[in-house]
Amino acid sequence: MQSIIDKITPSKKERDKVAQIINNFFKKIKSKIKDVVIELGGSMAKDTWLSGDYDIDVFVKFPYLKYRNKDISKILQEKLKGIKYEVMHGSRDYLQVKQGKYLFEIIPVLNINHSSRNMNITDVSPLHARYVKKNNKNPLAIRLTKQFLKANNLYGAESYIKGFSGYVVELLVIYYGDFPSLVKNASKWKSQTILDLSNYYKNEKEVLRNINKDKLGNLILIDPVQPERNAAASLSQEKYFEFINLCKKYLQNPRKEFFIEKKFDIKELKKQYKNYELIILQVSPLSGKRDVIGSKLLKAFNYIKEKISGEGYKIKNSNWHWNNKAVFYYIVEKKKLPKEIVHYGPPRNLIENVKKFKEKWKNHKVLQDNFCVYVKLKRPYTNVKDYVKSLFKDNYLKNLVKSIKKVL
């Protein structure tokens, strides 16, 4: 375990280097915009970042009374002219600046001391950072939990992941105290778990009455900064139960492999599923904001999966991997489908409907069984790989990805 801790914990040399980069960046921002507070946010501010992870949140805090009715995103863009940035769209637009391996996200917010004064959800983010910094007694446990989730594809609140956000991880560790306690308790979570760090509500019934019904989920984690908010609202049911099962497996046999990210390995897949059809697709994503691109890739992956199943093939396993390019894979039982498809029509006793069906299929022999009329149609593809290749021309997929090609 010590080797994992050493790997994920930033060294003094790394910390000093990052601090210097951040300091220089702050000076650049401060030279262009005067009447604001520049504040470090995110995991860097909370000392919960993983070694090698250089996503840096920078809050530009505008005075509340002066700017509460103004478009502070536009003002920020105008003030930072001369700095090469990309505008990212969200509940309030923010800026992204790439500087080598460092990615700065410059987030305009109103300077508030209580969540009730927010004019936009992002205004509350600095308060989240402040809460974690004050209550974070165990940064190592937070790092271990993040790596545990990251290695098992459960980390990240983006819409294409729907896993655990960094803030949720931090709150969970603050609540349970350390990594072993979190894992032990999470392994016993039921279909719905309610955690209230600040004991804001009297009981669970009061929680369910006050939290927006659309934001309820399997995990209800009361935001200590914003008690009417479920901090874990973006966590999907699938990821919630995957985490519970992962904790159970870890408790049965704790070992460092649980913290090591698995590399996508075609050879290993072929070896593991040698008795199955292995379909591997290389997908070039569209350009744009990562969250949006990821959502489109996920839709494309699921669309192909549904099409394969809908055609009559049985999928044993499937998943996708995305770095610069995406890879989709589907493990399908080996079989050729019949050369004909049975296309059913209306029940025999619906005379008018049967007439319409016969008219529509007048060039085919219309048959009947005890209940319905039907026709037999020639199946275009009996082999799953040929069928999947035919989907590449699908207009729906063309709107989701730049290109798809079959690797295997």
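## Quick look at the overall build of the protein chain
Then, number 1: A tally of helices and strands in the protein chain yields 16 helices and 14 strands.
Then, number 2: With the principal axes as the frame, the protein chain shows a C-alpha extent of 80 × 50 × 50 Å.
Then, number 3: Burial statistics for the protein chain: of 408 residues in total, 45% are counted as buried.
Then, number 4: Placing the 81 positive and 41 negative side-chain charges of the protein chain at their respective mean positions leaves the two points 3 Å apart.

## Examining the packing of helix α7 (residues 139–150) against helix α9 (residues 179–186)
Then, number 1: Where α7 contacts α9, the two axes come as close as 9 Å, and the packing angle between them is 45°. As the angle between them shows, α7 and α9 are arranged oblique. Where α7 approaches α9, its residues Ala141, Leu144, Thr145 and Phe148 are matched on the opposing element by Phe179, Leu182 and Val183.
Then, number 2: Considered class by class, the residues forming the contact of α7 with α9 number six nonpolar, one polar and no charged.

## Observations regarding the pattern of salt bridges
Then, number 1: Under the counting rule described, the total for this entry stands at 14 salt bridges.
Then, number 2: Note that Asp123 and Arg92 form a salt bridge whose closest N and O atoms lie 2.7 Å from each other. Of this pair, Asp123 sits in the loop between β5 (102–111) and α6 (125–135) while Arg92 is found in the loop between β3 (86–88) and β4 (94–99), placing the two residues 31 residues apart along the sequence. Both residues of the pair, Asp123 and Arg92, count as buried.
Then, number 3: Note that Arg379 is salt-bridged to Glu311, the shortest N-O span being 3.3 Å. Of this pair, Arg379 sits in the loop between β13 (372–378) and α15 (384–391) while Glu311 sits in helix α13 (residues 290–311), and the two are 68 residues apart along the sequence.

## Notes on the nonpolar core
Then, number 1: Formed by 73 residues in total, the largest nonpolar core has its most connected members in Phe62, Phe148, Phe164 and Trp189.
Then, number 2: In terms of residues, this core owes the most to one element, helix α8 (residues 166–176), which gives seven residues.
Then, number 3: The residues contacting Phe148, other than those within four sequence positions of it, are Phe179, Val183, Phe243, Leu246, Cys247, Tyr250, Phe258 and Phe259.
Then, number 4: Core analysis: the second largest hydrophobic core is formed by 29 residues, Ile279, Ala300, Trp322 and Leu391 among them.

## What about the confidence of the model for the protein chain?
Then, number 1: Scored by pLDDT, the protein chain has a mean of 93; 100% of the residues are at 70 or more.
Then, number 2: Averaged over each element, pLDDT in the protein chain is lowest for helix α12 (residues 266–272) (89) and highest for α9 (98).

## As for the sheet that holds strand β12 (residues 367–368)
Then, number 1: Across the sheet, which stays open at both edges, the three strands sit in the order β11-β13-β12 with antiparallel pairing between neighbours. The open sheet has two edge strands, β11 (340–347) and β12, and neither has a second partner.
Then, number 2: Strands in contact with helix α14 (residues 351–360) are β11 and β13; relative to β11, the strand with the most contacts, it is inclined by about 145°.

## Let's talk about the sheet that holds β4
Backbone hydrogen bonds hold the strands of a sheet together, and the pairing may be parallel or antiparallel.
Then, number 1: The five strands lie next to each other as β1-β2-β5-β4-β3, forming an open sheet whose pairing is mixed. Of all strands in the sheet, those bounded by a partner on one side alone are β1 (37–41) and β3. When the angles between neighbouring strand axes are averaged without regard to direction, this sheet yields 30°.
Then, number 2: In this structure, β4 lies alongside β5, joined through five bridges in antiparallel fashion. Note on β5: the bridge partner recorded for Gln96 is Glu105.
Then, number 3: In this fold α6 packs onto β1, β2 (55–63) and β5, with an angle of close to 115° to the strand it touches most, β2.

## With respect to the pairing of β5
Then, number 1: Across the ten residues of β5, eight count as buried, placing the element largely inside the fold.
Then, number 2: Two successive antiparallel strands, β4 and β5, enclose a turn made up of two residues, where Gly100 displays a positive phi of approximately 65°.

## Observations regarding the pairing of strand β6 (residues 193–196)
Then, number 1: Of the two faces of β6, the one carrying Thr193 and Leu195 and the one carrying Ile194 and Asp196 are both buried.
Then, number 2: Of the strand pairs in this sheet, β6 and strand β7 (residues 219–222) are connected by four bridges, and their pairing is parallel. Looking at the pairing, Thr193 lines up with Leu219 of β7.
Then, number 3: In terms of handedness, the path from β6 via helix α10 (residues 204–210) over to β7 forms a crossover that is left-handed.

## Some points on helix α2 (residues 12–30)
Then, number 1: The end-to-end C-alpha separation of α2 is 26 Å, in line with the 27 Å expected for 19 residues at 1.5 Å each.
Then, number 2: For α2, the complete set of buried residues consists of Glu14, Val18, Ile21, Ile22, Phe25, Phe26 and Ile29. Along the long axis of α2, the arc covered by the buried residues comes to 135°, so they all point the same way. Exposed and oriented more than 90 degrees from the buried face of α2 are Lys12, Lys13 and Lys27.
Then, number 3: Where α2 is buried, its residues contact β1, α3 (42–46), β2, β4 and β5.

Rules behind the numbers
- Residues numbered from 1 in each chain as written.
- Predicted model: local features only at pLDDT ≥ 70, side-chain atom pairs only at ≥ 80, totals over all residues.
- Heavy atoms only, no water.
- Helix = DSSP H or I, 4+ residues; strand = E, 2+ residues; numbered from the N terminus.
- Buried < 20%, exposed > 50% of the residue type's maximum accessible area, 1.4 Å probe, protein only.
- Lys, Arg positive; Asp, Glu negative; His and termini not counted.
- Charge placed at Lys NZ, Arg CZ, Asp CG, Glu CD.
- Axes fitted to C-alpha atoms, helices over the stretch in contact; angles between N-to-C directions.
- Parallel < 35°, antiparallel > 145°, perpendicular 65-115°, else oblique.
- Contact = heavy atoms within 4.5 Å.
- Nonpolar A, V, L, I, M, F, W, Y, C, P; charged D, E, K, R; others polar.
- Salt bridge = Lys/Arg side-chain N within 4 Å of Asp/Glu carboxyl O.
- Core = buried A, V, L, I, M, F, W, Y, C linked by side-chain atoms within 4.5 Å.
- pLDDT = per-residue confidence, 0-100.
- Pairing = 2+ DSSP bridges.
- Right-handed = clockwise from strand over helix to strand, strands pointing away.
- Expected span 1.5 Å × (residues − 1).
- Arc of directions from axis to C-beta.

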